[in-house]
Amino acid sequence: MNAFQINYRRPAWLLAFALSAFVVGCGSSDDGGGTAAAPPVVPPVVVDPAGAVCAGADCVPLGTAGNYVILAMSGVTNVPTSAITGNIGLASTATNMTGFSETLDASGAFSTSPQVTGKLYAIDYAVPTPADLTTATATDATAAFISADNKVLSVGDFTDVGAGNLTGLTLPAGVYEWSTGVAVDAAGTVTLTGSATDVWVFKISGGVTMNPGATVTLAGGALPQNIFWRTAGVAALDTTSRLEGIVLSGSSVTLASGATVNGRLYATTAVTLIANTVRRPGS
C-alpha cells in the first residue's frame with residue numbers, strides 16, 4: 001500500500017522560539033570624547049515553517065506533514081502566477097513540480113521560487129530532504145488520514161447533512177460524515193461557527209466541489225487549522241472560490257483560476273494550481 005493510500009471506509013509542533021537580546025551600552029563624556037553606546041541588537045526574524053497547527057485531543061495530528069502547506073505524491077503543477085505561503089513537498093522527482101520557475105539552492109536540498117514564500121522540496125533533492133519527505137508522507141500524512149477516518153461520530157455529531165449540499169448552512173463544530181460527496185453552489189456560502197478551540201472533521205466518501213465563487217466562511221473565532229476535510233475523491237475548487245481548512249484528499253486537489261485556500265492541501269496524487277493564493281494557517 002502506497003503512502004496516503006488508505007481505505008476511507010476502514011472501520012476504525014508547534015515549535016515555539018523564544019528569542020531575546022540584551023545590549024548594555026556604556027558611558028559617554030560631555031564633550032563627546034567617551035565611548036558611544038552600542039546600538040541595540042535587533043533579533044533575527046524567525047519564520048515558523050509550520051504556521052499554526054491544531055492542538056488538542058479532537059484534532060487530526062499532522063506531525064512533520066505540518067511543515068508543508070502543499071504536500072503531494074505524484075506532482076505539483078502550477079500555471080503562474082500563484083502566491084503560496086508555506087513549504088511545498090513532493091514525494092516524486094523535481095521534474096514533476098512545474099510552473100514555479102524554481103532555483104535550486106546551493107545545498108541541493110531545496111529550491112526557491114518568486115511565487116513561494118517558503119521552500120520547495122522534491123524526493124530527489126539532496127539529503128536530508130528524501131528522508132524528511134518520506135517521514136512527512138509515508139508516516140505522518142498517512143497517520144493523519146487514518147486519524148481522520150477513525151474519528152467516531154458520537155451524540156450531537158452529524159450524518160449526511162444537507163444531503164451533501166452545504167450551501168447556506170451554518171455548521172457547528174463536530175465530526176461529520178457523508179456517504180456522498182459535498183458541494184457548495186456557485187456564489188454560495190457555508191459558515192463554520194465556533195470558538196478558537198473548536199474542531200471540525202468532515203469525513204466525505206466522495207469529493208469536495210466548490211463551485212465558482214463559492215465560499216467557506218468562519219465565524220465566532222473558528223480557525224482554519226482546526227478544520228479537516230477528509231475526502232476520498234477529488235477536492236475541486238472552481239474559479240474565485242475560497243476554502244478554509246486542511247484538505248486530506250484520497251485523490252487529487254485541483255484549483256481553478258483565482259481560487260483561494262487558507263489552510264493546507266495534501267493529496268495522494270497531484271495538486272494542480274492555476275494562479276491561486278494558498279496560505280498556511282496563521283500567515
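Numbers given for residues are sequential positions, taken from 1 along each chain in its written order. Per-residue local features of the predicted model are confined to residues with pLDDT of at least 70, and side-chain atom pairs are confined, for both listing and counting, to 80 or more; whole-chain, interface and lining totals are unaffected and use all residues. Only hydrogens and water are set aside; all other atoms, that is, all heavy atoms of the structure, feed into the side-chain values.

Draft legend 1. Structural detail: the side chain of Ser241. Note on conventions: DSSP H or I runs of at least 4 residues are helices, E runs of at least 2 residues are strands, and numbering of each starts at the N terminus. Relative to the elements of secondary structure, Ser241 occurs in the loop between strand 18 (235-237) and strand 19 (242-249). The cut-offs for exposure are 20% and 50% of the maximum accessible area for each residue type, with area from a 1.4 Å probe on protein chains only; residues under the lower value are buried, those over the upper are exposed, and the others partly exposed. Residue classification places Ser241 among the buried positions, given a relative accessible area of 0%. In terms of polar contacts, Ser241 uses its side chain to reach the backbone carbonyl oxygen of Asp238, at 2.7 Å. If near-sequence neighbours (up to four positions away) are discounted, Ser241 is found in contact with Met210, Asn211, Gly213, Ala214, Gly258, Ala259 and Thr260. Pairs of N or O atoms within 3.5 Å make up the polar contacts considered here, provided that, within protein, one atom can donate a hydrogen while the other can accept it, and that residues adjacent in sequence are counted only when both atoms are side-chain atoms. Contact definition: two residues touch when any of their heavy atoms are within 4.5 Å.

Draft legend 2. Quick look at the sheet that holds strand 5 (residues 97-98). DSSP calls a pair of strands paired once it identifies at least 2 bridges connecting them. Overall, parallel pairing links the 7 strands, which are arranged 5-2-22-20-18-15-12 in an open sheet. The sheet is open, and its two edges are formed by strand 5 and strand 12 (182-184), each paired on a single side.

Draft legend 3. Representation of the pattern of salt bridges. One speaks of a salt bridge when a side-chain nitrogen belonging to Lys or Arg is within 4 Å of a carboxyl oxygen belonging to Asp or Glu. Tallied over the entire structure, the rule returns 2 salt bridges. Here Arg230 and Asp149 are joined by a salt bridge, their closest N and O atoms 3.1 Å apart. Residue Arg230 is located in strand 17 (residues 227-231), and its partner Asp149 is located in helix 1 (residues 129-149); the two are separated by 81 residues in the primary sequence. Here Arg230 and Asp149 have matching classes, each one buried. Here Glu244 makes a salt bridge to Arg242, at a shortest N to O gap of 2.8 Å.

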